[in-house]
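# Analysis of the macromolecular model
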Amino acid sequence: MRVFVADHPLITHKLTVLRDAKTPQPTFRLLIEEIMTLLAYEATREVRVEPHEILTPVAPTTGVRLSEPLPLIVPILRAGLGMLEGMVKLVPTAEVGFLGMVRDEQTLQPTTYAERLPDSLAGRQCFVLDPMLATGGSLAAAIRFLFDRGADDVTAICVLGTPEGVEVIREAAGDRNVTLVLGAIDEGLNDQAYIVPGLGDAGDRLYGTVDH
């Protein structure tokens, strides 16, 4: 598994504002989107392209375009939705699927409650969006889900991660083609499995607290 941790002053600056408990919800949403676009630049470095002939106002030339089948972007509901617009801005022709995953707060184990994906992902490059790589359980389950559907290349993009989470993803990846792109790696987890220092619950800060 390849791991890329962003080392860019703009990302670090935006993360600082994102972490601040006083940052209002609209600003938080905007920052998630902006950070996602910056991370997507690195995450798509190996996106598959093919030669494409065009005619400029001056002369014919050969450039590239995204190869078929097109990349598939898969936000993990609900917090991953906050990252979707930032990714689509960079790759507007990509297709979008969804995975709904929830973590049992007692066992901390993830379950899939919804999915909207092609029946076969054979030959597809998939980009999974999840803001927080905490225990790694949900993201690892999502990666396994995509490979079980036939994906041959999965890139996971997270705003924040932990050393524990990275190791869980490394184990889940095995010898498969997985790339992990992170805005930063924090110290670790507290006894409630929240990232420290982290930024709190990304879903709640994006969309507000929903009564269960």
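Note that the structure is predicted; figures quoted are calculated from it, not measured. (Residues numbered from 1 in each chain as written. Predicted model: local features only at pLDDT ≥ 70, side-chain atom pairs only at ≥ 80, totals over all residues. Heavy atoms only, no water.)

### A few points about the overall build of the protein chain
Counting secondary structure elements, the protein chain contains six helices and 13 strands. With the C-alpha coordinates aligned to their principal axes, the bounding extent of the protein chain is approximately 60 × 35 × 30 Å. Of all 212 residues assigned to the protein chain, the portion counted as buried reaches 45%. Counting contacts in the protein chain only where the partners sit at least 6 residues apart, residues at least 24 apart contribute 69% of the total. Summed over all atoms, the accessible surface of the protein chain reaches about 11000 Å², with 53% contributed by carbon and sulfur. (Helix = DSSP H or I, 4+ residues; strand = E, 2+ residues; numbered from the N terminus. Buried < 20%, exposed > 50% of the residue type's maximum accessible area, 1.4 Å probe, protein only. Contact = heavy atoms within 4.5 Å. Areas by Shrake-Rupley, 256 points an atom, 1.4 Å probe, with all protein chains shown as cover.)

### A short note on the packing of helix α4 (residues 137–148) against helix α5 (residues 163–173)
At a minimum axis separation of 9 Å, α4 and α5 run at an interaxial angle of 20°. Taken together, the axes of α4 and α5 lie roughly parallel to each other. α5 is crossed by α4, and the crossing has right-handed handedness. The segment α4 lies against α5, with G137, L139, A140, I143 and R144 engaging V168, I169 and A172. Grouping the amino acids of the contact of α4 with α5 by side-chain chemistry returns six nonpolar, one polar and one charged. (Axes fitted to C-alpha atoms, helices over the stretch in contact; angles between N-to-C directions. Parallel < 35°, antiparallel > 145°, perpendicular 65-115°, else oblique. Left-handed = near helix turned anticlockwise from the far one by under 90°. Nonpolar A, V, L, I, M, F, W, Y, C, P; charged D, E, K, R; others polar.)

### Comments concerning helix α2 (residues 25–43)
Across its 19 residues, α2 extends 26 Å between first and last C-alpha, which sits within 8% of the 27 Å expected from 1.5 Å per residue. What α2 keeps buried is the set F28, L31, I32, E33, I35, M36, L39, A40 and A43. Looking at the buried residues of α2, the elements they touch are α1 (9–19), α3 (81–90), β8 (125–129), β10 (153–161), β11 (178–185) and α6 (202–207). (Expected span 1.5 Å × (residues − 1).)

### Section: the pattern of salt bridges
Enumeration according to the criterion identifies 11 salt bridges in this entry. Between E33 and K89 there is a salt bridge whose closest N-O contact spans 2.6 Å. Here E33, found in helix α2, pairs with K89, found in helix α3; they are 56 residues apart in sequence, far enough to count as distant. For E33, a relative accessible area of 18% corresponds to the buried category. (Salt bridge = Lys/Arg side-chain N within 4 Å of Asp/Glu carboxyl O.)

### Brief notes about the side chain of R124
With respect to the element layout, R124 can be found in the loop between β7 (110–116) and β8. We classify R124 as buried; its relative accessible area is 8%. At 2.8 Å, the side chain of R124 forms a polar contact with the backbone oxygen of L70. In contact with R124, not counting residues within four places along its chain, are R48, P69, L70, P71, L72, E95, P118, A151, D152 and D153. (Polar contact = N/O pair within 3.5 Å; in protein donor to acceptor, adjacent residues only side chain to side chain.)

### Things to note about the UniProt feature "binding site: uracil" (unreviewed entry) in the protein chain
The residues that UniProt annotates with the feature "binding site: uracil" (unreviewed entry) are I195, G200, D201 and A202. Along the chain, I195 falls in strand β13 (residues 195–196). If we ignore the near neighbours within four places in the chain, the residues touching I195 are M132, L133, A134, L160, G161, T162, D186, G188 and L189. D201 sits in the partly exposed class, given a relative accessible area of 30%. Within the local environment of D201, its side chain forms a polar contact with the backbone nitrogen of D204, the two atoms lying 2.9 Å apart. (UniProt positions renumbered as here; feature names shortened; annotations may be inferred.)

### A short note on unusual backbone geometry
For the bond from E68 to P69, the omega torsion is -5°, close enough to zero to count as cis. Here P69 shows up in the loop between β3 (60–66) and β4 (72–77). For the bond running from V196 to P197, omega is 0°, close enough to zero to count as cis. The backbone phi angle of A193 is positive, close to 65°, even though this residue is not glycine. Along the chain, A193 falls in the loop between β12 (188–189) and β13.

### Structural notes on the pairing of strand β2 (residues 49–55)
Direction of pairing for β2 relative to β3: antiparallel, over a ladder of seven bridges. Across the sheet, the residue bridging to P51 is V64, located in β3. (Pairing = 2+ DSSP bridges.)

### Structural notes on the pairing of β8
Across the five residues of β8, five count as buried, placing the element largely inside the fold. Burial of β8 is two-sided: the residues Q125, F127 and L129 facing one way and the residues C126 and V128 facing the other way are all buried. Two strands pair when backbone bridges link them, and β4 and β8 are joined in this way by four bridges, in the parallel orientation. Counted as the bridge partner of L72 is C126 from β8. The pairing of β8 with β10 spans five bridges and is parallel. From the neighbouring strand, F127 faces β10, where its bridge partner is T155.

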